[in-house]
Amino acid sequence: MLRVTGLAAPLAVFFVLSGAVASSAQEQPAPAAPQAVSPQTPATPQTVSPQAPASPVQAEPVSPSVTQSAPAAPEPAAAPVATPATPAPVAAAQNDVQLTLPHDLSPWGMFINADIVVKAVMVGLAFASLVTWTVWVAKSLELAAARIAAGRALKAIGEARNLADAGRQLASRRDAGALLVQAATQEVQLSERALDHVDGAGLKERVSSRLGRIEAQAGRRMSRGTGVLATIGSTAPFVGLFGTVWGIMNSFIGISEAQTTNLAVVAPGIAEALLATALGLVAAIPAVVIYNVFARSITGYRQLLADASAGVERLVSRDLDFRATPRTALAAE
């Protein structure tokens, strides 16, 4: 009986301790799930509060049947994908090109940022365009005045009965039509002494020659300045093309230095080159059109002078016939 009692006491103590450990394991809270910590924000260290010293009862060895689950280790956060770094020389070249790119892509801004050769081409084409419009204004006024004067002279010559009458109507004028009448009158006066001994064929030939020279001189004077229009119209597109080729060459050089085909690097140089072509067309197209208009107008003006010259020749021929009539009548009597 004493042995049983001696064994019962340790067994009782063992069962009591086992129940206490089991109850403490059930009351202990489950470990929290690990939180992913972003790589940018450093994890805040958690302070661990010191645990109270275990009681003498809990300090005794625990049965191997009672185990506690250890918390799972947190998974490592995904490392950020590293982007390949741009080489230092290429990045520096790109920055230099971006600093030199024109920010103003207006015509004036592209002209300011253009190469010196392209600038010279643009200035030359702008000057050629200015010359074209200056010639147009000056020759339009001159040609209009000449045509009006030639029309008036033609009307006076057509209404005159003889050369002296036409000379009186046009005595105060200095246009080409009046010069025709004055030249014919002067030639008749110079041949006055010979008309009584010869026929008027020689006089008619001399008058026709002088009138033809006056017509040619008036036509040349009226055509003065139109040759510049022809030159500008034929050469301006090629000058603009030269500026275009030079600008595109500079664009390719900029691409090779920047080591990039970015549109922001290529576009400004090509735009400057095309601006030179546009200026060449702006100078050439009006020059060609104005030259053709002047050519037709000058042809019409020369036709008016030819009609006036023919009228003067008719007056001279009429005067010769009236001069020969009395002499023929006297010879018949």
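How each quantity is defined
- Residues numbered from 1 in each chain as written.
- Predicted model: local features only at pLDDT ≥ 70, side-chain atom pairs only at ≥ 80, totals over all residues.
- Heavy atoms only, no water.
- Helix = DSSP H or I, 4+ residues; strand = E, 2+ residues; numbered from the N terminus.
- Buried < 20%, exposed > 50% of the residue type's maximum accessible area, 1.4 Å probe, protein only.
- Contact = heavy atoms within 4.5 Å.
- Areas by Shrake-Rupley, 256 points an atom, 1.4 Å probe, with all protein chains shown as cover.
- Phe/Tyr/Trp six-rings, centres within 6.5 Å; stacked < 30°, edge-to-face > 60°.
- Polar contact = N/O pair within 3.5 Å; in protein donor to acceptor, adjacent residues only side chain to side chain.
- pLDDT = per-residue confidence, 0-100.
- Axes fitted to C-alpha atoms, helices over the stretch in contact; angles between N-to-C directions.
- Parallel < 35°, antiparallel > 145°, perpendicular 65-115°, else oblique.
- Nonpolar A, V, L, I, M, F, W, Y, C, P; charged D, E, K, R; others polar.

Draft legend 1. Broad picture of the overall build of the protein. Regarding its fold elements, the protein presents nine helices and zero strands. The buried share among the 333 residues of the protein stands at 28%. A separation of at least 24 residues holds for 81% of the contacts in the protein among residues at least 6 apart in sequence. For the protein, the exposed area adds up to about 22400 Å²; of that, 64% sits on carbon and sulfur atoms.

Draft legend 2. Representation of the packing of aromatic side chains in the model. According to the stated counting rule, one finds two aromatic pairs in the structure shown. Plain terms: the ring middles of tryptophan 133 and tryptophan 136 are 5.7 Å apart, the flat faces sit at 90 degrees to each other, and that makes the pair edge-to-face. With a gap of three residues between them, tryptophan 133 and tryptophan 136 both fall in helix H4 (residues 116-159), about one helical turn apart. Residue classification places tryptophan 136 among the partly exposed residues on the basis of a relative accessible area of 38%. Arranged with centres 6.2 Å apart and planes meeting at 45 degrees, the rings of phenylalanine 242 and tryptophan 246 form a pair that is tilted.

Draft legend 3. Fine view of the environment of threonine 299. By secondary structure assignment, the location of threonine 299 is in helix H9 (residues 263-332). Overall, threonine 299 belongs to the exposed group, its relative accessible area being 51%. Taking the C-alpha atoms as reference, threonine 299 lies 8.4 Å from glycine 219; in sequence the two are 80 residues apart. A polar atom in the side chain of threonine 299 sits 2.8 Å from the backbone oxygen of alanine 295.

Draft legend 4. Expanded view of the environment of leucine 179. Structurally, the position occupied by leucine 179 is in helix H6 (residues 176-190). Here leucine 179 falls in the partly exposed class, since its relative accessible area comes to 33%. Beyond its immediate chain neighbours, meaning those up to four positions away, leucine 179 contacts Arg174 and Ile214.

Draft legend 5. Examining the confidence of the model for the protein more closely. Residues of the protein with pLDDT of at least 70 account for 63%, and the chain-wide mean is 73. Per-element averaging of pLDDT across the protein places helix H2 (residues 88-100) at the bottom with 46 and H4 at the top with 91. Confidence over residues 76-84 falls short of pLDDT 50; this stretch has one contact with residues more than four positions distant or in other chains.

Draft legend 6. The arrangement of the packing of H4 against helix H7 (residues 201-223) in detail. Running from N to C, H4 and H7 cross one another at 155 degrees; their axes reach a closest spacing of 10 Å. Relative to H7, the element H4 is oriented roughly antiparallel. Touching Lys139, Glu142, Leu143 and Ala146 of H4 are Arg221, Met222 and Ser223, all from H7. Looking at the contact of H4 with H7, its residues break down into three nonpolar, one polar and three charged.

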